[in-house]
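Structural characterization, general
Here is how the chains run, residue by residue.
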Amino acid sequence: MAYQTLRQEYLQMPVVTRAYTTACVVTSLAVQLDLISPFQLYFNPILIVKQFQIWRLFTTFLFFGTVGLNFFFNVIFTYRYCRMLEEGSFRGRTADFVMMFIFGGVSMIIFAFFVSLLFLGQAFTIMLVYVWSRRNPYVRMSFFGVLNFNAPYLPWVLLGFSLLMSNAVWVDFVGIAVGHMYFYIEDVFPNLSGGFRILVTPQFLKRLFDPPPEEIPQPADRPGGFNWGEPLANNQDAPQQDAQ
């Protein structure tokens with residue numbers, strides 16, 4: 001019964017969240033079980049360019065370190081905020097969500113050339129948290145039931161938590177910087193005077209991830225002068241749906 005419940009919950013996860021979270025967990029567990037080495041995964045521009053180890057551009061985002069407290073925090077935060085974004089502001093816009101992933105990944109790879117970061121999974125998680133927090137500014141948060149604050153402060157609280165755990169804070173700074181870049185070019189700049197959309201989702205992504213809605217067939221013409229496809233104007237018993 002527990003397995004069926006867990007399986008059902010897993011299959012109900014939106015597609016991007018399910019794919020990314022699964023890839024992170026499987027990669028980290030494979031390292032923990034010595035099936036692969038972290039030296040095969042980290043970001044190394046020399047090996048990428050000279051030995052064509054292109055997979056490092058992707059695996060650097062999938063490893064959260066050895067299984068421990070930091071690993072579980074990253075997995076939980078990745079799953080939670082990735083899912084809330086995909087089911088919230090990106091509902092029905094999976095292609096735009098994938099485009100955010102691409103923008104975030106490319107931007108962090110560029111940063112990694114200058115900051116010498118080896119693994120970018122935690123930075124990517126912070127980016128997801130940052131974008132969600134800026135799009136939900138009035139949500140009240142509680143950190144371990146001790147610290148209460150509004151959502152936009154969450155990335156900075158996590159940065160402070162990284163300091164307490166002696167983690168590399170540059171990773172968090174990169175995640176916050178890329179998250180702010182995305183938020184600005186998507187939510188701020190287009191609304192300014194003379195602003196416009198900078199990040200445009202390609203049509204092939206929309207065709208791949210956002211299938212067109214099914215067209216509702218129009219009712220055939222019937223004799224008698226009655227509009228068969230129209231609801232009764234005076235029907236007071238028809239249920240009303242509140243705005244979500």
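Residues numbered from 1 in each chain as written. Predicted model: local features only at pLDDT ≥ 70, side-chain atom pairs only at ≥ 80, totals over all residues. Heavy atoms only, no water.

As annotated in an unreviewed UniProt entry, the chain is Derlin from Megalurothrips usitatus. Recorded in UniProt under Function (unreviewed entry), the annotation for the chain is "May be involved in the degradation of misfolded endoplasmic reticulum (ER) luminal proteins." In its Subcellular location (unreviewed entry) section, UniProt records this for the chain: "Endoplasmic reticulum membrane". (UniProt positions renumbered as here; feature names shortened; annotations may be inferred.)

1. Some points on the pattern of salt bridges
The tally for this structure, following the rule as stated, stands at 5 salt bridges. Between D187 and R135 there is a salt bridge, with its nearest N and O atoms 2.8 Å apart. Of this pair, D187 sits in helix α9 (residues 169–188) while R135 sits in helix α7 (residues 121–135), and the two are 52 residues apart along the sequence. Judged by its relative accessible area of 23%, D187 falls in the partly exposed class. On the basis of relative accessible area, R135 is assigned to the partly exposed category, the value being 21%. For E186, the salt bridge identified is with R197, shortest N-O distance 3.2 Å. Here the residue E186 occupies a position in helix α9, and R197 occupies one in the loop between α9 and α10 (203–209), the gap between them amounting to 11 residues. Owing to a relative accessible area of 14%, E186 belongs among the buried residues under this scheme. Connected via shared salt-bridge partners are E9, R83 and E87. (Salt bridge = Lys/Arg side-chain N within 4 Å of Asp/Glu carboxyl O. Helix = DSSP H or I, 4+ residues; strand = E, 2+ residues; numbered from the N terminus. Buried < 20%, exposed > 50% of the residue type's maximum accessible area, 1.4 Å probe, protein only.)

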